Amino acid sequence: MEYIYQDFCKDIEHLKAVLNLTDSLKGFSAQNNEPKIDLADNKFLELAENVHLKSREANVGMVFIPGTIVLYLVGRFEYFVKTLFEELSMSIAIKCKKFDYLPKEYKENLISLTSEVIKSPAKYGHGDNGVKTFITNLSDNINGSEITDVNTKCLSITSENMRPQILNDLFSRIGVKEIWVKLGQQARLQSFFETADASKAQKDATKFLNDFMDIRNKVAHPSGSFQWPDTKTVMKHIDYFEMLAKQICDVATVYETSLVAQGQEKKAKDDEKASSQQA
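Residues numbered from 1 in each chain as written. Predicted model: local features only at pLDDT ≥ 70, side-chain atom pairs only at ≥ 80, totals over all residues. Heavy atoms only, no water.

Asker: Explanation requested: helix α4 (residues 104-119) in the structure shown.
Answerer: For an α-helix, the turn length of 3.6 residues means that residues three or four places apart are oriented alike. For α4, with 16 residues, the first-to-last C-alpha span of 23 Å sits near the 22 Å given by 1.5 Å per residue. Taken as a whole, α4 has its buried residues at Y106, K107, L110, L113, T114 and V117. (Helix = DSSP H or I, 4+ residues; strand = E, 2+ residues; numbered from the N terminus. Expected span 1.5 Å × (residues − 1). Buried < 20%, exposed > 50% of the residue type's maximum accessible area, 1.4 Å probe, protein only.)

The following block contains the structure:
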């Protein structure tokens, strides 16, 4: 799952670079270009003068750049969460080997959410071939075949922004309960919010995410009274998501170990019971 986080970080670095460029252009456009510089066939100076002119013309419009980054950041974070969730779901299923050894919540939601997607495949971006695959996978899983594939795309469906409760509900589908409680206990998250109190860190982290989603919705549907976020504010959001993504990745690894161990324990009991019956 670490590679999913690393891919997310690469995009985060690109966003930081764009924000830094925006600030530099603002500073550049504010510079007075008097007296006029003799370009003297210096191509670099000629280009610099042109950039200066264009940046002055776009100075007011550059206020929209941080806002558009907010929109991308939300989408990229949601993609990260779903991709990591699907990877975690698949890993747990493969390691548990059989449907019977999956967590109770996992089995129930795999059936119900696969049914939901099969009923309205186009709504979730799937065609007839996808439906056939989902049916085959679920049938194989339920009928006791060793798991080689599972309908993670069905498990990960959502219809709302990745607010704290949505994120919590998503992971709970496979038996990962109260993920925000575990996140609040992480040192890096506590450090970000400058507290050693796990419950306060959890509260601050969920509030920060909710507030960010409110900003996202205002950017998507701006009104005359809306104040666009500046580069400093958005950079703080980027730092938050970079930190949170790492903590989610780390916590997911811990849950994976725990849930697989539970499945293996159930398998061992079944094997022991079968052996005693044969004896």
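Don't stop here, the text continues.
Asker: Is there a simple way to explain the pattern of salt bridges in this structure?
Answerer: If the charged atoms of two oppositely charged side chains come close together, the side chains can form a pair. A complete count under the given rule lists 15 salt bridges for this structure. Of the charged contacts, one joins K16 and E13 as a salt bridge, the two residues approaching to 3.6 Å between their closest N and O atoms. Here E13 and K16 lie together in helix α1 (residues 2-29), a separation of three residues that amounts to about one turn. For K16, a relative accessible area of 16% corresponds to the buried category. In this structure, K153 engages E86 in a salt bridge whose closest nitrogen and oxygen atoms are separated by 3.2 Å. Taken as a pair, K153 in helix α6 (residues 152-155) and E86 in helix α3 (residues 64-96) lie far apart in primary sequence, 67 residues in all. Here the residues in one salt-bridge network are E13, K16, D239 and E242, joined through shared partners. (Salt bridge = Lys/Arg side-chain N within 4 Å of Asp/Glu carboxyl O.)

Asker: Which parts of the structure should I look at to understand the nonpolar core?
Answerer: If you look at soluble globular proteins, the nonpolar side chains tend to sit buried side by side. Counting 69 residues, the largest nonpolar core has F77, F171 and Y240 as the members making the most contacts within it. At 15 residues, the largest contribution of residues to this core is made by helix α11 (residues 231-278). Leave out the neighbours within four places in its chain, and Y240 touches W180, F192, F193, A205, F208 and L209. (Core = buried A, V, L, I, M, F, W, Y, C linked by side-chain atoms within 4.5 Å. Contact = heavy atoms within 4.5 Å.)

Asker: Explain the environment of E160 to me, please; I cannot follow it from the model alone.
Answerer: Relative to the helices and strands, E160 is located in the loop between α6 and α7 (164-172). Residue E160 is classed as exposed on the basis of its relative accessible area, which comes to 52%. Apart from the residues within four sequence positions on either side, E160 is in contact with E78 and I166.

Asker: Mind showing me how you'd approach the side chain of T231 here?
Answerer: Within the element layout of this structure, T231 appears in helix α11. Residue T231 is classed as buried on the basis of its relative accessible area, which comes to 9%.

Asker: Can you help me understand the packing of aromatic side chains in this one?
Answerer: What characterises a pair of aromatic rings is the spacing of the ring centres plus the angle enclosed by the ring planes. In the structure shown here, the tally under the stated rule is 13 aromatic pairs. Consider the rings of F8 and F80, whose centres lie 5.0 Å apart with planes at 35°: the pair is tilted. Within this pair, whereas F8 is found in helix α1, its partner F80 is found in helix α3, the two being separated by 72 residues in sequence. Note on accessibility: F8 and F80 belong to one class, buried. Of note, K236 hangs over the ring of F192, and the distance from its end group to the ring centre comes to 4.5 Å. (Phe/Tyr/Trp six-rings, centres within 6.5 Å; stacked < 30°, edge-to-face > 60°. Lys NZ or Arg CZ within 6 Å of the ring centre and 35° of its normal.)

Asker: How should I be thinking about the packing of α4 against helix α5 (residues 128-142) in this particular structure?
Answerer: When two helices pack together, their arrangement is given by the angle between the helix axes and the distance between those axes. Viewed as axis vectors pointing N to C, α4 and α5 meet at an angle of 160°, and their least axial separation amounts to 10 Å. Taken together, the axes of α4 and α5 are roughly antiparallel relative to one another. Here α4 and α5 pass one another in a crossing that is left-handed. Across the interface between the two elements, L110, I111, T114, V117 and I118 from α4 touch V131, F134, I135, L138, N141 and I142 from α5. For the contact of α4 with α5, the per-class residue count stands at nine nonpolar, two polar and no charged. (Axes fitted to C-alpha atoms, helices over the stretch in contact; angles between N-to-C directions. Parallel < 35°, antiparallel > 145°, perpendicular 65-115°, else oblique. Left-handed = near helix turned anticlockwise from the far one by under 90°. Nonpolar A, V, L, I, M, F, W, Y, C, P; charged D, E, K, R; others polar.)

Asker: How should I be thinking about the packing of α3 against α7 in this particular structure?
Answerer: Remark: α3 packs on α7, axes separated minimally by 11 Å, with the N-to-C direction vectors making an angle of 15°. As far as their axial angle goes, α7 and α3 are roughly parallel. In this structure, α3 meets α7 at a crossing whose hand is right-handed. Together, F77, V81, L84, F85 and L88 of α3 and L167, L170 and F171 of α7 make up the contact between the two elements.

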